[in-house]
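Remarks on the overall topology
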Amino acid sequence: MMEKQSLALLCDYYELTMGNGYFNLNMKDKIAYFDVFYRKNPDKGGYAIAAGLEQIAEYIKDLRFDASDIEYLKNRNMFPEEFLEYLKEFRFTGDVWAVPEGTVIFPYEPIIVVRAPVIEAQIIETYILLQINHQSLIATKASRISRAAQGRTVSEFGSRRAHGESAAVYGARAAYIGGANGTACTISDKLFGVPAGGTMAHSWVQMFDNEYIAFKNYCKLYPDNPTLLVDTYNVLESGVPSAIRAIKEVLWPQGKRACAVRLDSGDITYLSKKVRKMLDDAGLTECKITASNSLDEYIITELIRQGACIDAFGVGERLITAKSDAVFGSVYKLTATEDNGLITPKIKVSENIEKITNPHFKKVYRIYSKETGKAEADLICLYDEEFNENEPLEIFDPHYTWKKKTFTNYTLRELLVPIFQKGELVYEFPEMKDVRAYCAREIETMWDEVLRFENPHDYYVDLSDELWELKNRMIEERRN
């Protein structure tokens with residue numbers, strides 16, 4: 001973790017070279033608008049979950065270039081003294097809008113909008129992207145895994161497999177937002193209130209002469225709902241029998257019945273069925289079975305389909321690294337500039353259609369059916385467009401314009417909310433448990449067809465008439 005040092009230089013070097021260029025060309029006060037968006041859902045899924053906003057807000061609020069930062073830049077012999085003096089007094093003075101953490105999001109729609117003097121907007125790009133790309137990726141993976149578990153407990157177990165300390169700590173945070181019930185990462189509990197918990201390692205069992213003594217000592221130390229790891233030697237012949245004996249001898253005399261055993265290897269489906277029968281036959285019907293060992297949403301789905309007797313899952317490397325699709329890919333693109341209150345839209349045109357940007361300062365509406373409460377589509381429009389919910393609303397596919405749909409019994413919700421205004425943080429961040437609950441409610445508004453893992457329905461993200469016409473006009477102008 002790097003809380004105690006300046007993060008001002010946690011930026012791509014070209015942010016500084018461009019910033020110096022803008023400064024020397026007397027453009028430092030020119031207002032620029034940037035959109036953060038992504039182009040495809042992880043794992044060929046139907047949605048993603050936004051996360052990382054609180055860390056972005058803390059970074060922007062505290063962003064300063066300290067003396068060591070200035071000295072480093074001075075020693076590069078590339079930046080004039082005037083620019084370094086500007087950086088000494090650097091503060092973010094702009095505006096930021098974003099979707100709240102835990103919001104279900106879709107490709108190409110703005111999830112963060114920055115309006116600020118161009119140097120300020122440019123310098124914060126890298127940090128915004130690294131937090132959004134990492135935490136949204138892990139939150140999305142956790143959401144998929146938690147849904148696969150069908151109400152069973154999911155714990156994030158991946159710290160030791162994470163790509164560095166920040167990935168472990170913030171990954172646990174993001175996993176909790178996405179639906180994990182807790183984490184093995186203790187510091188994430190201290191910093192963010194993500195419930196930390198744990199069982200035992202194989203080394204604990206190996207430290208004693210046999211499993212029975214290891215389990216008995218553990219139950220004495222932690223009699224309130226202990227979990228015993230039963231696969232160090234032989235699950236069925238020694239692990240489970242030793243666990244049953246220790247539980248009956250230590251917990252039952254205290255009137256305690258809550259406990260669990262954990263399987264971390266082998267054929268989980270087969271073993272869990274055998275273990276369940278052994279526990280039930282011994283009268284331990286309240287003893288739960290936890291499974292770990294390189295799990296993900298696909299394996300968990302298959303385990304449940306096969307009838308595995310699993311009550312909880314510990315998910316490590318494939319969650320904390322989002323192993324099956326480890327890149328989120330959000331980008332930061334200029335969409336407009338402003339002079340004396342006049343906004344001029346900007347566009348990036350490419351031979352690759354997916355890389356053509358949507359110009360201008362924009363907002364995003366989510367359209368909900370009043371009848372079902374489900375989200376039907378998202379509509380990206382210009383910042384000053386308004387819609388009357390009492391009138392029919394027609395939307396169309398921006399690529400296949402003949403595909404149209406008209407809503408009559410609907411409500412609209414504006415997704416982007418103010419985070420900074422004139423450099424001041426105006427958004428009050430909720431507690432983590434409330435963010436997680438909000439995310440769960442967001443998922444409930446999505447159709448099952450959007451949520452399914454295989455061939456999910458394409459959720460429509462459409463452009464308003466005005467935005468579509470502006471975009472196509474600007475594309476034609478660039479081609480001529």
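Residues numbered from 1 in each chain as written. Predicted model: local features only at pLDDT ≥ 70, side-chain atom pairs only at ≥ 80, totals over all residues. Heavy atoms only, no water.

**Observations concerning the overall build of the protein chain**
From N to C terminus, the protein chain includes 17 helices and 21 strands. By principal-axis analysis of the C-alpha atoms, the protein chain measures approximately 80 × 60 × 35 Å. Per-residue burial over the protein chain gives 53% buried out of 480 residues. For the protein chain, the share of sequence-separated contacts (at least 6 apart) that also reach a separation of at least 24 residues comes to 72%. Total accessible area on the protein chain stands at roughly 22,300 Å², and carbon and sulfur atoms take up 48% of it. Computing the positive centroid from 58 side-chain charges and the negative centroid from 72, the protein chain places the two 5 Å apart. (Helix = DSSP H or I, 4+ residues; strand = E, 2+ residues; numbered from the N terminus. Buried < 20%, exposed > 50% of the residue type's maximum accessible area, 1.4 Å probe, protein only. Contact = heavy atoms within 4.5 Å. Areas by Shrake-Rupley, 256 points an atom, 1.4 Å probe, with all protein chains shown as cover. Lys, Arg positive; Asp, Glu negative; His and termini not counted. Charge placed at Lys NZ, Arg CZ, Asp CG, Glu CD.)

**Some points on the sheet that holds strand β6 (residues 153–156)**
Spatially, β7-β6-β11-β10-β9-β8 is the arrangement adopted by the 6 strands of the open sheet, whose pairing is parallel. This sheet does not close on itself; its edge strands, each paired only once, are β7 (182–183) and β8 (227–229). Judged from the 4 bridges that link them, β6 and strand β11 (residues 312–315) form a sheet pairing that is parallel. In the sheet register, Glu-156 faces β11, and the bridge partner there is Val-315. (Pairing = 2+ DSSP bridges.)

**Describing unusual backbone geometry**
Residues apart from glycine generally show negative phi values, whereas peptide bonds are mostly found in trans. For Asn-293, which is not glycine, the phi torsion reads 100° and is therefore positive. Within the element layout of this structure, Asn-293 appears in the loop between β10 (287–291) and α13 (297–305). The class for Asn-293 is partly exposed, based on a relative accessible area of 36%. Its identity is not glycine, yet His-360 carries a phi of approximately 85°, on the positive side.

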